[in-house]
Amino acid sequence: MYHLVRSFALPAALIAVLPAAAREDGAMRGYTAASSRVERDWEQKFRAIPEPARLRESMRRLSARPHHVGSPYDKDNAEWLRAQYASYGFDATIERFDVLFPVPIERVLELVAPTKFVAKLEEPAVKEDPTSNQKSEQLPTYNAYSADGDVTAPLVYVNYGVPDDYDALERRGIDVRGKIVIARYGGSWRGIKPKVAYEHGAVGCLIYSDPKDDGFAEGETYPNGPYRPKDGVQRGSVMDMPVYPGDPLTPGVGATKDAKRLDRKDAVTIMKIPVMPISYADAQPLLAAITGVVAPPAWRGGLPITYHLGPGAAQVHLKLSFDWSLKPLYDVIARLPGAVYPDEWVVRGNHHDGWVNGAEDPISGQVAEMEEARAMGELVKQGWKPKRTIIYAAWDGEEPALLGSTEWVEEHAAELKQKAVFYLNSDGNGRGFLGVDGSYSLMRFANEVAHDVDDPEAHVPVWQRMRASRIIGGDQESRNRADLKIGALGSGSDFTPFLQHAGIPTLSAGFGGEDGGGIYHSIYDSFYWYTHFSDTSFVYGRALAQVAGTMIMRVADADLLPQEFGNLAETVRGYVSELKTLREGIAKKITETNQSITEGVFDATNDPRHPLLPPKTEPAAPFLNFAPLDNASEGLTGAASRFEKAYATSVSSGAGASVFPRVNALLRQSDEVLLLPDGLPKRPWYEHSLYAPGLYTGYGVKTMPGVREAIEQRDWKLADAEMIRAAAALARETELVTRAAELLERSVKIVP
Ligand SMILES: [Zn+2]
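Q: What am I meant to see in the nonpolar core here?
A: One broad trend across soluble globular proteins is that nonpolar side chains are buried collectively. Among the nonpolar cores identified, the biggest contains 225 residues, and F422 and M704 are the most heavily contacted of them. The element that contributes the greatest number of residues to this core is helix α22 (residues 716–747), accounting for 13 residues. The residues contacting F422, other than those within four sequence positions of it, are W345, V346, V347, L442, F445, I504, P505, T506, L507, M551, I552 and V555.

Structural data, given as structure tokens:
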């Protein structure tokens with residue numbers, strides 16, 4: 001999973017409101033008044049079933065040994081999970097794929113000049129933590145999909161290693177061609193760092209965890225506290241996933257036994273230079289040996305040294321080689337057949353593989369998923385029959401590259417496009433506030449469910465806590481909104497293939513914000529860590545099971561799917577205005593910089609003792625044609641309010657029931673019609689016109705990505721062309737919403 005930023009605290013006095021149960025009245029979205037009562041009853045029974053003690057025991061079992069892709073315990077866990085889901089009454093199977101997953105054979109990192117230092121590259125066991133000594137099964141510290149290599153070169157410190165950092169180095173006359181760079185974690189997804197380093201000519205890349213980010217500067221270190229100890233290392237993938245995730249050898253198709261595979265040298269998502277993550281204990285002697293210009297203040301971390309940029313006397317030797325054989329992948333797929341619409345699928349997923357023991361990432365989410373399925377199995381015994389087919393999936397291989405979910409979606413793409421109505425993802429879970437991200441047409445639905453589940457510690461609806469945390473965080477707008485905004489999805493977990501490749505309406509949910517730590521992707525992400533420093537009583541695990549299970553049941557039983565388009569239209573209008581501001585900001589900056597160059601401002605202020613080269617002159621930014629996007633978002637706004645009017649009259653009364661199946665067939669496609677034919681520029685696997693991970697930010701989302709990235713990269717011609725394509729996608733959405741509104745209007749004889 002991605003690294004959550006969690007930083008709110010909340011006074012209890014703000015949140016004295018009614019608990020959820022007191023407000024459960026009125027029809028739910030997508031339900032007639034009568035079916036609403038029946039559904040509420042089942043949902044309340046459901047939410048009473050999940051038990052913290054079971055969450056705890058399942059976590060103890062699943063995190064007992066290292067369980068990365070290809071390990072014995074990964075397979076053992078998959079088989080145990082299959083048996084568990086079967087025991088709940090699901091039809092559970094294991095679906096196998098075979099994927100390229102490199103593991104290290106040799107790892108060497110040493111400082112060879114001006115002095116000698118050999119990096120340890122080991123995380124020591126901690127005596128309090130009984131799983132931390134399982135050396136023989138632990139994956140060494142490494143970055144998956146690094147290149148093999150043996151390089152010796154001067155070292156340069158590049159801050160976070162994002163494109164802006166290289167611009168700053170260039171102005172100081174520092175060139176990384178032929179050098180090894182050292183970047184700190186943070187500022188972007190890790191895979192961006194070696195990619196940008198390679199694009200600037202570097203021959204190797206080190207990534208270290210600075211204590212300012214998740215170590216002693218944040219709090220007590222493990223095992224005295226939750227933060228990263230000096231030898232802790234963040235493993236992780238550096239595959240170029242913003243181009244395509246999944247098996248690098250089988251883009252676009254399932255990695256089955258007989259799938260046609262690329263030659264490894266032709267797989268564009270594998271890094272071209274050797275890359276390795278290191279601890280701050282290993283990084284400090286390397287950074288201390290770098291000489292040259294002192295790093296600017298914002299680039300300095302938490303180590304007790306003067307941070308220099310180099311290159312200078314410091315020379316390092318980095319040698320890496322990997323076993324590149326295929327490894328088996330075990331996805332657990334468990335089905336509960338639908339009684340009325342068996343060919344409409346509601347899919348729920350969380351991965352089961354970890355980098356090491358992975359108690360938080362991903363087992364804290366996986367155990368919630370298990371409790372949901374167990375509770376649904378109990379309801380079935382009591383007579384509940386879901387209308388739609390429910391599929392519970394435990395994905396393998398999320399950590400290396402969203403392997404299990406991507407291969408499954410690619411293998412079943414045609415059937416999913418026919419049948420899937422909703423995908424709900426979770427990953428690691430912690431304490432604090434509910435976060436929901438995903439398709440904006442499901443924003444109202446997400447808010448409704450958040451009203452119906454109570455926070456286990458504050459005893460108010462989780463919606464109320466979300467709202468309060470936003471207000472206290474300075475977001476005054478949340479005070480006056482009926483629906484709290486949800487976030488857009490970038491990448492970093494298994495929702496990506498569902499939403500951004502297959503166009504299935506998707507949400508992702510989890511709790512966090514009150515449980516900082518620094519054990520992410522290390523051997524210290526263990527049962528001991530989780531039960532001492534995170535959701536120690538597993539009540540937030542139960543809350544996640546309640547939120548996610550309620551969402552799954554509510555979609556599975558709905559008369560009409562819960563899509564709503566006013567929030568989507570509002571969000572799209574927001575994107576268009578952001579894009580205009582973005583162009584204006586860039587245009588102004590170019591004009592101002594060019595003028596300063598002409599006037600000699602940079603030369604006159606240059607300090608010859610700390611010289612800075614002037615920036616380069618750039619061509620002025622042209623005006624762009626936003627009219628297609630303005631017109632399209634106007635059209636969607638009109639259609640959304642027409643649909644909402646028809647919805648209000650026809651659904652809760654049940655008067656429109658005869659057309660519900662035809663309307664559902666349209667609503668199911670509310671994200672699919674937003675896909676771009678041929679996908680995004682330079683990365684056709686990503687097809688959604690509204691959401692994608694950034695090419696140069698990684699997990700961070702780029703909304704309306706085709707247009708936004710063209711503007712950011714000053715490719716003005718492409719920006720105009722992408723605006724036309726995005727507008728066409730929005731026009732398809734408007735047409736779908738209008739057709740759905742017409743069906744509902746006719747069924748109850750509304751004249752619009
Ligand atoms: Zn994860």
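Q: What should I look at first to understand the layout of surface pockets in this one?
A: It is the rolling of a water-molecule-sized probe over the atoms that shows where space remains empty. There is about 1300 Å³ of room inside the second largest pocket. P163, D164, D167, K589 and R714 are, among the 32 residues lining the second largest pocket, the residues nearest its centre. The set of elements that each furnish at least two residues to the lining of the second largest pocket consists of α4 (163–171), α5 (192–199), α17 (566–599) and α21 (705–712).

Q: Mind showing me how you'd approach the packing of aromatic side chains here?
A: The full count for this structure, using the stated rule, is 27 aromatic pairs. Summarising the aromatic geometry, the rings of F216 and Y280 are spaced 5.7 Å apart at their centres and angled 85° between planes, so their arrangement reads as edge-to-face. Of the two residues, F216 sits in the loop between α6 (211–214) and β8 (236–237) while Y280 sits in helix α7 (residues 280–289), which places them 64 residues apart along the sequence. According to the relative accessible area criterion, F216 is partly exposed, its value standing at 44%. Taking the relative accessible area as the measure of exposure, Y280 reaches 5% and is therefore buried. Judged by centre distance (6.5 Å) and plane angle (80°), the rings of Y440 and Y575 are edge-to-face. Placement of the pair is Y440 in the loop between β15 (432–438) and α12 (443–451) and Y575 in helix α17, with a sequence separation of 135 residues. An aromatic cluster is present here, built from F101, Y142, F322, W324 and W355 joined pairwise through their rings.

Q: Sorry if this is basic, but what is going on with the pattern of salt bridges here?
A: Side chains that carry opposite charge are capable of pairing whenever their charged atoms lie near each other. Counted by the stated rule, this structure contains 55 salt bridges. A salt bridge links E128 to K127, with the nearest nitrogen and oxygen atoms 3.4 Å apart. Taking relative accessible area as the criterion, E128 reaches 33% and is therefore assigned partly exposed. Taken together, the shared-partner salt bridges connect R40, E43, R47, E448, D452 and R554 into one network.

Q: Hey, could you run me through unusual backbone geometry in this one?
A: The general pattern is negative phi for most residues beyond glycine and trans for most peptide bonds. Cis rather than trans, the peptide bond between Y222 and P223 has omega equal to 5°. Considering the arrangement of structural elements, one finds P223 in the loop between α6 and β8. The peptide bond linking D361 to P362 adopts the cis configuration, its omega dihedral lying at 15°. Residue position: P362 is located in helix α8 (residues 359–381). Of note, the phi angle at Y145 is positive, near 75°, even though the residue is not glycine. In this fold, Y145 is placed in the loop between β4 (143–144) and β5 (149–157). One non-glycine residue with positive phi stands out, namely N159, at about 60°.

Q: Can you walk me through the sheet that holds strand β16 (residues 506–513) in this structure?
A: Sheet strands pair by backbone hydrogen bonding; their relative direction is either parallel or antiparallel. As summarised here, the arrangement of the 7 strands in space is β1-β11-β13-β12-β14-β16-β15, forming an open sheet in which the pairing is mixed. Since the sheet does not close on itself, it has two edges, and those belong to β1 (91–100) and β15, each with one partner. Each strand of the sheet is rotated relative to its neighbour by a mean of 20°, with strand direction disregarded. Two strands pair when backbone bridges link them, and strand β12 (residues 341–351) and strand β14 (residues 420–425) are joined in this way by 5 bridges, in the parallel orientation. Across the sheet, the residue bridging to V346 is F422, located in β14.

Q: Got a minute to help me understand the packing of α8 against helix α16 (residues 539–557) in this structure?
A: Two packed helices can be described by the angle between their axes and the distance between those axes. Closest axis-to-axis distance for the α8/α16 pair is 8 Å, and the angle between their directions is 55°. One element, α8, and the other, α16, form an angle in the oblique class. In this structure, the crossing between α8 and α16 has a hand that is right-handed. Of the residues in α16, those in contact with G365, A368, E371, E372, M376 and L379 of α8 are G541, L544, A545, A548, G549, I552 and M553. Split into classes, the residues belonging to the contact of α8 with α16 amount to 8 nonpolar, 3 polar and 2 charged.

Q: What's the story with the environment of M704 in this structure? I'm lost.
A: Relative to the elements of secondary structure, M704 occurs in the loop between β18 (698–703) and α21. We classify M704 as buried; its relative accessible area is 0%. Along the backbone, M704 and M723 are 19 residues apart, and their C-alpha atoms lie at a distance of 9.0 Å. Dropping the residues within four chain positions of it, M704 is found in contact with V572, Y575, V576, L579, L629, S689, L690, A726 and L730.

About the thresholds
Residues numbered from 1 in each chain as written. Predicted model: local features only at pLDDT ≥ 70, side-chain atom pairs only at ≥ 80, totals over all residues. Heavy atoms only, no water. Core = buried A, V, L, I, M, F, W, Y, C linked by side-chain atoms within 4.5 Å. Buried < 20%, exposed > 50% of the residue type's maximum accessible area, 1.4 Å probe, protein only. Helix = DSSP H or I, 4+ residues; strand = E, 2+ residues; numbered from the N terminus. Contact = heavy atoms within 4.5 Å. 1 Å grid on protein atoms, 1.4 Å probe; cavity = no way out; pocket = protein on both sides within 12 Å on 5 of 7 lines; lining within 4 Å. Points joined across faces, edges and corners; volume = space filled by probe spheres on them. Phe/Tyr/Trp six-rings, centres within 6.5 Å; stacked < 30°, edge-to-face > 60°. Salt bridge = Lys/Arg side-chain N within 4 Å of Asp/Glu carboxyl O. Pairing = 2+ DSSP bridges. Axes fitted to C-alpha atoms, helices over the stretch in contact; angles between N-to-C directions. Parallel < 35°, antiparallel > 145°, perpendicular 65-115°, else oblique. Left-handed = near helix turned anticlockwise from the far one by under 90°. Nonpolar A, V, L, I, M, F, W, Y, C, P; charged D, E, K, R; others polar.

Take it as geometry only, folks, not as evidence of what the structure does.
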